[in-house]
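# Fold and contact review
Chain by chain, the residues run as shown.
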Amino acid sequence: MSEQITNPVEAFGMHVAHVGVNASSVEEAREIAVLFQVLMGLEPRETPVSVFADTLVEVMSGKGRGTHGHIGFGVNDLPAAEAWFKDRGFEINESSRALNPDGSTRLVYFTREIGGFAIHLCQN
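Parameters at a glance
Residues numbered from 1 in each chain as written. Predicted model: local features only at pLDDT ≥ 70, side-chain atom pairs only at ≥ 80, totals over all residues. Heavy atoms only, no water. Buried < 20%, exposed > 50% of the residue type's maximum accessible area, 1.4 Å probe, protein only. Helix = DSSP H or I, 4+ residues; strand = E, 2+ residues; numbered from the N terminus. Pairing = 2+ DSSP bridges. Arc of directions from axis to C-beta. Contact = heavy atoms within 4.5 Å. Polar contact = N/O pair within 3.5 Å; in protein donor to acceptor, adjacent residues only side chain to side chain.

### So, the pairing of strand 7 (residues 105–110)
Looking along a regular strand, one sees side chains alternate from face to face of the sheet. The element strand 7 is largely enclosed, with a buried count of five among its six residues. Sheet topology note: the strand 6 (residues 92–99)/strand 7 ladder contains four bridges and is antiparallel. Considered in strand 7, the bridge of N93 is made with Y109. Between strand 6 and the antiparallel strand that follows it, strand 7, lie five residues; G103 among them carries a positive phi value of about 95°. Across three bridges, strand 7 lies against strand 8 (residues 117–123) in antiparallel orientation. Each bridged residue has a counterpart across the sheet, and for L107 the counterpart in strand 8 is C122.

Here it is as structure tokens:
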């Protein structure tokens, strides 16, 4: 079935879930998140590894994946999307796989960066 699909946006509801920006420190991450708050009205929310500006921008508190950062793509069927991309030569970085409590995959990165950005798929 995955061979017949030519457009992952239509097939898997693929969309930009968030953009990740690498910061060098927690303080810099907070500063960047506040700028996004001012720019777009997005409330900052801290996690142990990042500061989110709402759900749209994730500022990593220290070096995150990717030379410049990362782009998270949400999909409605992560296993099918993963197979589709594997069929097209996009290798999955198995060490990046994050699981939900039920054992299903929450997110997984591709091995290769695109334009200096790490790319991950996440389940909607």
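### Digging into helix 3 (residues 78–87)
Turning to helix 3, its buried residues number three or more, namely L78, A81, E82, W84 and F85. The arc that holds the buried residues of helix 3, viewed along the axis, is 160°, so those residues lie on one side. Tucked inside the fold, the buried residues of helix 3 contact helix 1 (8–12), strand 5 (69–75), strand 6, strand 7 and strand 8. Where helix 3 begins, the capping side chain belongs to D77, and its oxygen is found 3.2 Å from the backbone nitrogen of A80. Downstream of helix 3 by a residue or two, G89 has a phi angle that is positive, lying close to 90°.

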